[in-house]
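What follows is the residue order along each chain.
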Amino acid sequence: MRYITLLLCSIFAAFVLYVGHAAANIRVPVTPQVQLDDLTPEARSEVECLAQNMYFESGWEPEAGQIAVAMVTINRQESGDFPNSICGVVKQKTAETCQFSWVCEYKTINNINKDVYLRVRALAVYVYANKDRIKDPSQGALFYHADYVRPGWKNMIYLTKIGHHKFY
């Protein structure tokens, strides 16, 4: 009876994951096809920067929000208007202002929730390896902010809101 209960719970969990991803129009496998160890050292470094940005900016947001933050980082890297590496984008400062506030707050992965970070990093690997094949939930955004922040940005075209972030 215990095995049947475990089996039913597993099936239900898989169904919930499927429905959640279908609702967000995102198809993320439970286990990424590419693992961190499969990547080159340079790619692993880029994924770690991406994962840290996702963790500190959206680690407790819905998965679609985490992917959107990752895609904004990648969109910036590919735009030609920002540094040409993910780590460069994440660590970029304009004057003394960080593009991502956690960088200027000197947060590090030394004092984090390891389980959440490992889950976010696995998602970062997936996004990094499949960035050209997944639908960008940020709709091509280059900027975002938390919904409780009122930046003085002008002439920004609002694209979408996911979780607690607004994307432009």
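Overview of the structure. (Residues numbered from 1 in each chain as written. Predicted model: local features only at pLDDT ≥ 70, side-chain atom pairs only at ≥ 80, totals over all residues. Heavy atoms only, no water.)

### Here's the deal with the packing of helix H2 (residues 41-58) against helix H6 (residues 114-130)
The condition is simple: The axes are straight lines fitted to the C-alpha atoms, using for helices just the contacting stretch, and the angles between their N-to-C directions are given from 0 to 180°. Helix and strand labels come from DSSP, where a helix needs a run of H or I of at least four residues and a strand needs a run of E of at least two; each type is numbered from the N terminus. Each angle gets one of four labels, with under 35 degrees taken as roughly parallel, over 145 as roughly antiparallel, 65 to 115 as roughly perpendicular, and the rest as oblique. If you view the pair so one helix is near and one far, a crossing is left-handed when the near helix is turned anticlockwise from the far one by less than a right angle, and right-handed when it is turned clockwise. Pairs of residues are marked as contacts when any of their non-hydrogen atoms sit within 4.5 Å. Polar here means any residue other than Ala, Val, Leu, Ile, Met, Phe, Trp, Tyr, Cys and Pro, which are nonpolar, and Asp, Glu, Lys and Arg, which are charged; Gly is therefore polar.
Contact geometry for H2 and H6: axes closest at 8 Å, N-to-C directions at 125 degrees. As far as their axial angle goes, H6 and H2 are oblique. Both H2 and H6 take part in a crossing whose hand is right-handed. Note on element contacts: H6 touches H2 through Val116, Tyr117, Val120, Arg121, Leu123, Ala124, Val125 and Tyr128, opposite Ala43, Glu46, Val47, Glu48, Leu50, Ala51, Gln52, Met54 and Tyr55. Residues belonging to the contact of H2 with H6 are distributed by class as follows: 13 nonpolar, 1 polar and 3 charged.

### Looking at the pattern of salt bridges
The cut-off we apply is this: For this analysis, a salt bridge means a side-chain nitrogen from Lys or Arg found within 4 Å of a carboxyl oxygen belonging to Asp or Glu. Three labels apply to residues, based on accessible area from a 1.4 Å probe with only protein chains included: buried if under 20% of the type maximum, exposed if over 50%, partly exposed otherwise in between.
Counted by the stated rule, this structure contains 4 salt bridges. For lysine 131, the salt bridge goes to glutamate 78, with nearest N and O atoms at 3.8 Å. Here lysine 131 is found in the loop between H6 and strand S3 (144-146), whereas its partner glutamate 78 is found in helix H3 (residues 63-79), with 53 residues between them in sequence. Look at glutamate 78 and you get partly exposed, because its relative accessible area is 47%. Note that glutamate 105 is salt-bridged to lysine 107, the shortest N-O span being 3.4 Å. For lysine 107, a relative accessible area of 40% puts it in the partly exposed group.

### Some details on the state of the cysteines
Rules: Here, two cysteine sulfur atoms that lie within 2.5 Å of each other are counted as a disulfide.
Inspection of every chain in the model, using the stated rule, returns 2 disulfides. Between cysteine 49 and cysteine 87 runs a disulfide, and the two sulfur atoms are separated by 2.0 Å. Classification of the bridge connecting cysteine 49 and cysteine 87 rests on its S-S torsion, roughly 100 degrees, and on that basis the disulfide is right-handed. You can see cysteine 49 sitting in helix H2 and its partner cysteine 87 sitting in helix H4 (residues 86-91), a full 38 residues away along the chain. Regarding the disulfides, the chain carries the connectivity 1-2, 3-4 under sequence-order numbering of its bonded cysteines.

### A short note on the environment of tyrosine 168
The criterion, for reference: We call two N or O atoms a polar contact when they sit within 3.5 Å, provided that within protein one can donate a hydrogen and the other can accept it, with sequence-adjacent residues counted only if both atoms are side-chain atoms.
If you trace the backbone, tyrosine 168 turns up in the segment after strand S5 (165-167). C-alpha of tyrosine 168 to C-alpha of leucine 142: the two residues are 26 residues apart in sequence and 6.3 Å apart in space. Other than its neighbours up to four places away in sequence, tyrosine 168 contacts Ala141, Leu142, Phe143, Tyr144, His145, Trp153, Met156, Ile157, Tyr158 and Leu159. Here the side chain of tyrosine 168 touches histidine 145 through a polar contact of 2.9 Å, side chain to side chain.

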